Amino acid sequence: MRTLVTSVYLFLYAPIALVVLFSFNAGRSASEFTGFSTMWYSKALGNTFLITALQNSLMIAFTSAVLAAVFGTMAALGMQRLSSRGRAIFDGLFAAAIVVPGVVIGIATLVALVEVFSFLNPALASIWPGDKPPQLGLGYGSIIAAHGLFSLALVTMIVKARIASLGRDIVEASSDLYATPFTTFRQIVLPQILPSVLAGFLLAFTFSFDDFIVAFFVAGSKTTLPIYVFASIRRGVTPEINAIATMVLVASLLIILIARVLMRDKTTKVQAGE
Amino acid sequence: MPLTTDRKRQLTTAALVAPAGLWLFVFLVLPFMAMVVFAFGERAPEGGYQAAFTFAQFANLPSRAAAFWNTMMIAPVGAFLCLIVAYPVAYYLSIKSNPKYRLVLVSLVVVPFWTSLLVRTYAWMYILGSRGIPNLLGMIGIEDVRLLNTPGAVLLGIVYGYLPLMIMPIYVSLEKLDRRLLEASADLGAKPVSTFFRITLPLSLPGVMTGVALVIILLLGEYLIPQLLGGGKVFFIGNALVDLFLQSRNWPSGSAIAVTLVVVVVLVLSVAMHIAWKVSGSRQVELV
C-alpha cells in the first residue's frame, strides 16, 4: 500500500518536476538536457508581451479577489439574518455560480455583455457632449466580473461555514454586556472569521490567476497570462514556456500554501474550542 | 422602539446582501437568460446573433453529437479511473498514515489542484509528445509510437488533473469514520477484507459519491485537457463551444449547446444528490 501511495505522489509531482527541470536547460531541446542555464528565464522576463499579460493577470486577480472577499463576507454575514426562503435563493444562486461550467459562464457573460454594449454604446454616443464618446467593450471589467462571480460564491461558502461553526453564546454574551452590534462584530465576530476571509481571498486570487477558459471568452482584446501561455503552447513547446510555467507554479504554490496555513489555523482553533 | 430597531436590522441585512445579490443577478441570472434567448435565435449573416424564435438550433444539436458522445463517455470513465487511483490514497491518508505527517501529506495532495491546470496539462503534452516518451522508446528500437492526441492521453490528463478533487472528499468521509467500529468488527472475528467491504467502504460512500459527482460535473465543461492532449481528435462539448463561438461565430447554435450542457449538469447533479441523500441521509457536498 505504501508503494502504491508513493507512486501516486510521484505521479502527481514528477511531471511538474520535469517541466521545472527543462526550464533550466541550456539548449533549445525539450527532451535533451544539455546543461544548466537560466537564459530562458531572462528571455521570458525580457518578453514585453509576457510581462503585460502577467500585469493584467495580477491586476484582474487582485481586483476580483478583493471584491469577492468584501462582498462575499458581507453576504455570508447577511445571509444568516435572511428568511429561510431568501437564504435558499442565495444558496441556490451561489451553488449555480460554482457548478455551472466555466465555459458556460464565459459564453453567457459574452453574449449578454455584447448585447448590452450594442444598446449602450449608441445611446451613450447620442447623449455624449464631446466628440469622442467612450466605447464600452470587453476587457478588464468583464473578466473581473466573470471571475468575481465564482470567487464571490467561493468566499461566501468558506466564510459561511466558519460563521456556522462559531458559538452563538459568545455573540449573545457580548450583547448582554451592552456592546453595540457593530462593536460585537468588530471585536468578536471579525477576528474569528478573518482567517477564513483571507483564505477565501487567496483561493479566489489563485482561481482568477490560473483561469483560462472564462477569460478566453470575455477578455476581448486583452491578454491574461494563461491566455498568453495557451497561445504560446499552440506555437510549439519551448523551454521558455517551461520557464513561464515554473514561475506561474511557484507563484500559485506560495499563495495556496499561505491559504492552507490560514485554513488549518481555523480548524485547530475550532477543535480546541470543542 | 422595537419597530425602529427591527427596521434598522432589516436595512442592515439588505445592505449586507445587496452587492452579492446584484452581482449574482447581473453576471449570472441575466447572462443566463440572454443565453437562453440566443439559443432560440438565428445566426446573423456576418456571424453573431439575429433575433428570431426558432427551435432550429436545438433541432441541429445532433450535428454536434460526437462532442456530446465523447464527453458523456469519457467523463464517467475518467471519473471512475480517478476513483480507482484515489481510494487507496484516501484510505492510506486517513487510516494508515502516521498522524504526525498526515496534514503535510494531505496538503501535498490538495496543492496541485490549486495550481494552473494549463501548466499541469502542458507537462503531459511535453511528456507524451514526440520528444518525450515516444522519443525514448525510439532509442530502444520501438518506433512510431503515438501517445498524444489519443483518448488514452485525454484520460491520463483527466486522472492527473482531477485526482486531488477525488481524493479529498473520500479522505474526509474516511477521516470521520468511527475507528471503534473497525475494532469492534475485528473483535467479532471479521477478517480485514470483510471489515473493509462491510464497514469501511459503505461508510465512505458519501465521500465517493461527492468525488465522482464533482469530477464528472467539472469534466462535462472541460476544454483544456481534450484541447491539448486530444489535439482536435478527441474533443468535448467545451471544445465544440469554443469552436462555435470564437471560430465560426455561430452564437445561437453555441448558446443552444451551452443551454443543453447546463441541463445535463443539473441532471447529473440531481441524480448524484439523490443517491448521496439515499446513501447518507445528508445532502452535504464539500468542495474545498
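Cut-offs and rules
- Residues numbered from 1 in each chain as written.
- Chains lettered and ligands numbered in written order.
- Predicted model: local features only at pLDDT ≥ 70, side-chain atom pairs only at ≥ 80, totals over all residues.
- Heavy atoms only, no water.
- Helix = DSSP H or I, 4+ residues; strand = E, 2+ residues; numbered from the N terminus.
- Buried < 20%, exposed > 50% of the residue type's maximum accessible area, 1.4 Å probe, protein only.
- Contact = heavy atoms within 4.5 Å.
- Areas by Shrake-Rupley, 256 points an atom, 1.4 Å probe, with all protein chains shown as cover.
- Axes fitted to C-alpha atoms, helices over the stretch in contact; angles between N-to-C directions.
- Parallel < 35°, antiparallel > 145°, perpendicular 65-115°, else oblique.
- Nonpolar A, V, L, I, M, F, W, Y, C, P; charged D, E, K, R; others polar.
- Salt bridge = Lys/Arg side-chain N within 4 Å of Asp/Glu carboxyl O.

Peer 1: Would you mind showing me how to read the overall build of chain A here?
Peer 2: Secondary structure assignment for chain A yields 11 helices and zero strands. Along chain A, helices (α) and strands (β) appear in the sequence α-α-α-α-α-α-α-α-α-α-α when read from the amino end. Expressed as lengths along the three principal axes of its C-alpha atoms, the size of chain A is roughly 70 × 70 × 30 Å. Buried residues in chain A amount to 47% of all 274 residues. Across chain A, every contact between residues at least 6 apart in sequence was considered, and the portion connecting residues at least 24 apart equals 71%. Carbon and sulfur atoms make up 68% of the accessible area of chain A, which totals about 12900 Å².

Peer 1: I tried to follow the environment of Leu148(B) on my own but got confused; where do I start?
Peer 2: Residue and element names in this part refer to chain B. Looking at the element boundaries, Leu-148 is found in the loop between helix H6 (133-139) and helix H7 (151-176). A relative accessible area of 18% places Leu-148 in the buried class. A sequence separation of 13 residues divides Leu-148 from Gly-161, and the C-alpha atoms of the two residues are 16 Å apart. Leave out the neighbours within four places in its chain, and Leu-148 touches Met-125, Leu-128, Gly-129, Ala-153, Leu-228 and Leu-229.

Peer 1: What exactly am I supposed to notice about the packing of helix H1 (residues 2-23) of chain A against helix H5 (residues 117-128) of chain B here?
Peer 2: Two numbers describe how H1(A) lies on H5(B): the axes approach to 9 Å, and their chain directions differ by 75°. The angle between H1(A) and H5(B) places the two elements in the roughly perpendicular class. Here Phe11(A), Pro15(A), Ile16(A), Leu18(A), Val19(A) and Phe22(A) of H1(A) come into contact with H5(B), specifically with Arg120(B), Tyr122(B), Ala123(B), Trp124(B), Tyr126(B) and Ile127(B). Looking at the contact of H1(A) with H5(B) residue by residue, the class counts come to 11 nonpolar, no polar and one charged.

Peer 1: Hey, could you run me through the pattern of salt bridges in this one?
Peer 2: Two side chains that carry opposite charge are able to pair once their charged atoms sit near each other. Residue and element names in this part refer to chain B. Evaluation of the coordinates by the stated rule reveals five salt bridges over all chains. Among the ionic pairs, Asp-243 bridges to Arg-64, the shortest N-O distance being 3.6 Å. With Asp-243 in helix H11 (residues 237-247) and Arg-64 in the loop between helix H2 (56-59) and helix H3 (65-96), the pair connects residues that are 179 residues apart, well separated along the chain.

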